[in-house]
Amino acid sequence: MRKVRTASGATAAQIASKTRGVRTIVEHLGSAHDDEQLAVLVAIARERIAELAGHVPFDLDGLGATPPATTAPTVTGSRSRLLWDVLEDAYARLGFDAVGNDTFKKLVLARVVEPTSKADTLRVWDELGVPGAPSLSTVWRTLARSVEQDWRSKIAAAAYAHATRSGPLTVVLYDVTTLYFEAEREDKLRKVGMSKERRVDPQILVGLLVDQGGFPLEVHEFAGNRGETLTLLPVLDQFRERHSATEVVVVADAGMLSAANLNRLEDAGFGFIVGSRTSSAPYDLAEHYATVGNIVTDGETVETTRTMGAGVNARERQVVWQYSHKRKIRDNITLNKQIERAEQIAAGTRPAKKDRFVTLGTGPGVNWARVEKAREYIGLKGYVTNLSTATASAAEIVAAYHDLFQVEATFRMAKTDLRARPMFASTADSIHAHLTVVFCALAISRHLYKTTGVTVRRIVRALRPLRDVTITIDGHELTATTPPTGEAADIIAALRPGVGH
């Protein structure tokens, strides 16, 4: 097989033979003007060489051998069938076919492949060669119908069924993130609120509930000025009502830690494990340090109690503290940076802000007493719970909280791989529909990652170039299929059974 550069800049593909050093052109297959066309010609060349050798190892889709071409082959169709089959199979395995709408499915799968605007999704379908791609007006009607008919409930039911195939869920993980909008005005949903990114744009809060493996179970949007602690109970109540889940322990970070919030959770019948702020360590561990000492070994846990709330709302909570040497190294780096900033403020080389260890008085200075106190407790992490020691040991509480990184990983996937921020949505319904699509795409992405151990971005990168190309040669139509190799072959092997190639 020869590839020759032509005067027009195209690449000509030829089949040649060499006898005693003399090259003879057996057949000219045509000229390619891009990599896709060249790949097709290379595939045709392999097929023709095999035919000439008397066997046909290449997949001709049952069309049989064709006579030698007298005209250049023409590409009449191309599609990423293998990638689309993988995504459709995942969609069906998760039970999302219960929605019963093909356009919605195509929207979800396109978002997994290339997250973009709804209008630009038509281009993605075209490039993938998706058959029966809907029009933009059909897309808008479908999104409106997804809100009117509450398809998110069907999807959540399917996700829960998938997550509980091996047994009931006893622990769920919860976290909140913000999605901002480049909009000049607020509305009922898009509000200016507390932003971890210190933005002053209108935003919404998104609460995500996942299982211990990071598989999404519920997604909810809230007004951007709502307190994070006020989002947890509504999500849990709907989760319990939807699935009749009676005994659920929720794990959340310290952002959900307030006496009133924990009381509401307990009164609603939920168990909880919530991260504690390190600033509470001196109070919780004072008695332990006074009687036992402050020497702790790597991985050691200390169980204490704390009274949270005031008056009739005061309740005794169990607190588990664990020491980690790795955490101490990280905490020490952070502490030294905070001290450095405080010293810069004291020296007048940095403006005073809400920095730790800065004391003002007659002038800015470093509170060295607080620094030394903080050094005593680096490496410690606390966990507040209403679970009894008979229900969960200290080690089990720590292990459950450590799973919280799964929801953080799922949020990262939503924000990066799936670009969850609804840039082009401006109404509450359109935002709701958009997040429903993202929720489905997120579930597919987590499912594929768990099955293959490969991120969805790498899966798309490996499988998207493998195309079924329809070629017409002298009036004969055949399909050339690029076989998966390397990582693509490994992905397909991991996904079997259920996906052909």
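Calculation criteria
Residues numbered from 1 in each chain as written. Predicted model: local features only at pLDDT ≥ 70, side-chain atom pairs only at ≥ 80, totals over all residues. Heavy atoms only, no water. Helix = DSSP H or I, 4+ residues; strand = E, 2+ residues; numbered from the N terminus. Buried < 20%, exposed > 50% of the residue type's maximum accessible area, 1.4 Å probe, protein only. Contact = heavy atoms within 4.5 Å. Areas by Shrake-Rupley, 256 points an atom, 1.4 Å probe, with all protein chains shown as cover. Polar contact = N/O pair within 3.5 Å; in protein donor to acceptor, adjacent residues only side chain to side chain. Pairing = 2+ DSSP bridges. Right-handed = clockwise from strand over helix to strand, strands pointing away. Axes fitted to C-alpha atoms, helices over the stretch in contact; angles between N-to-C directions. Core = buried A, V, L, I, M, F, W, Y, C linked by side-chain atoms within 4.5 Å.

Chemist: Would you mind going over the overall build of the protein with me for this structure?
Modeler: For the protein, the count of helices and strands is 17 helices and 16 strands. A buried classification covers 49% of the 501 residues belonging to the protein. Long-range contacts, defined here as pairs at least 24 residues apart, represent 63% of the contacts in the protein between residues at least 6 apart. As displayed, the protein offers around 24600 Å² of accessible surface, 51% of which is attributable to carbon and sulfur atoms.

Chemist: What's the story with the side chain of aspartate 284 in this structure? I'm lost.
Modeler: Along the chain, aspartate 284 falls in helix 9 (residues 281-284). Accessibility expressed as a relative area gives 9% for aspartate 284, which makes it buried. In terms of polar contacts, aspartate 284 uses its side chain to reach the side chain of arginine 306, at 2.5 Å. In this structure aspartate 284 touches Thr304, Thr305, Arg306, Val319 and Trp321, once residues within four positions along its chain are discounted.

Chemist: I'm lost on the side chain of asparagine 101 in this one. Help?
Modeler: Within the secondary structure layout, asparagine 101 lies in the loop between helix 2 (81-93) and helix 3 (102-113). With relative accessibility at 16%, the residue asparagine 101 sits in the buried group. At 3.1 Å, the side chain of asparagine 101 forms a polar contact with the backbone nitrogen of threonine 103. If sequence neighbours within four positions are ignored, asparagine 101 has contacts with Thr142, Arg145 and Trp151.

Chemist: Quick question: what am I supposed to make of the pairing of strand 9 (residues 271-276) here?
Modeler: Moving residue by residue along a regular strand, the side chains alternate between the two faces of the sheet. For strand 9, the buried fraction is high: 6 of the 6 residues fall into the buried class. Relative to strand 9, strand 8 (residues 249-252) is paired through 4 bridges, and the arrangement is parallel. Considered in strand 9, the bridge of valine 251 is made with isoleucine 273. On the question of chirality, the crossover connecting strand 8 to the parallel strand 9 by way of helix 8 (residues 259-267) is right-handed. Of the strand pairs in this sheet, strand 9 and strand 14 (residues 380-385) are connected by 4 bridges, and their pairing is antiparallel. Within the sheet, the bridge partner assigned to isoleucine 273 lies in strand 14 and is threonine 385.

Chemist: What is the right way to look at the sheet that holds strand 5 (residues 171-180) in this model?
Modeler: Pairing between the strands of a sheet comes from backbone hydrogen bonds, and it takes one of two forms, parallel or antiparallel. Spatially, 8 strands are ordered 7-6-5-8-9-14-11-10 in an open sheet, and the strand pairing comes out mixed. Each of the sheet's edge strands pairs with one partner strand only, and the pair in question is strand 7 (216-223) and strand 10 (301-308). Direction aside, the axes of adjacent strands within the sheet are offset by 25° on average. Contacting strand 5, strand 6 (203-210), strand 7 and strand 8, helix 7 (residues 229-243) crosses the sheet at an angle of about 135° to strand 7.

Chemist: Looking at this model, I keep getting lost on the nonpolar core. Mind explaining?
Modeler: The tendency in soluble globular proteins is for nonpolar side chains to be buried as a group. Ranked by internal contacts, the top residues of the largest apolar core, which has 119 residues, are Ile444 and Leu463. When sequence neighbours within four positions are dropped, the list of residues in contact with isoleucine 444 reads Leu87, Ala90, Tyr91, Leu94, Phe96, Val108, Leu109 and Val112.

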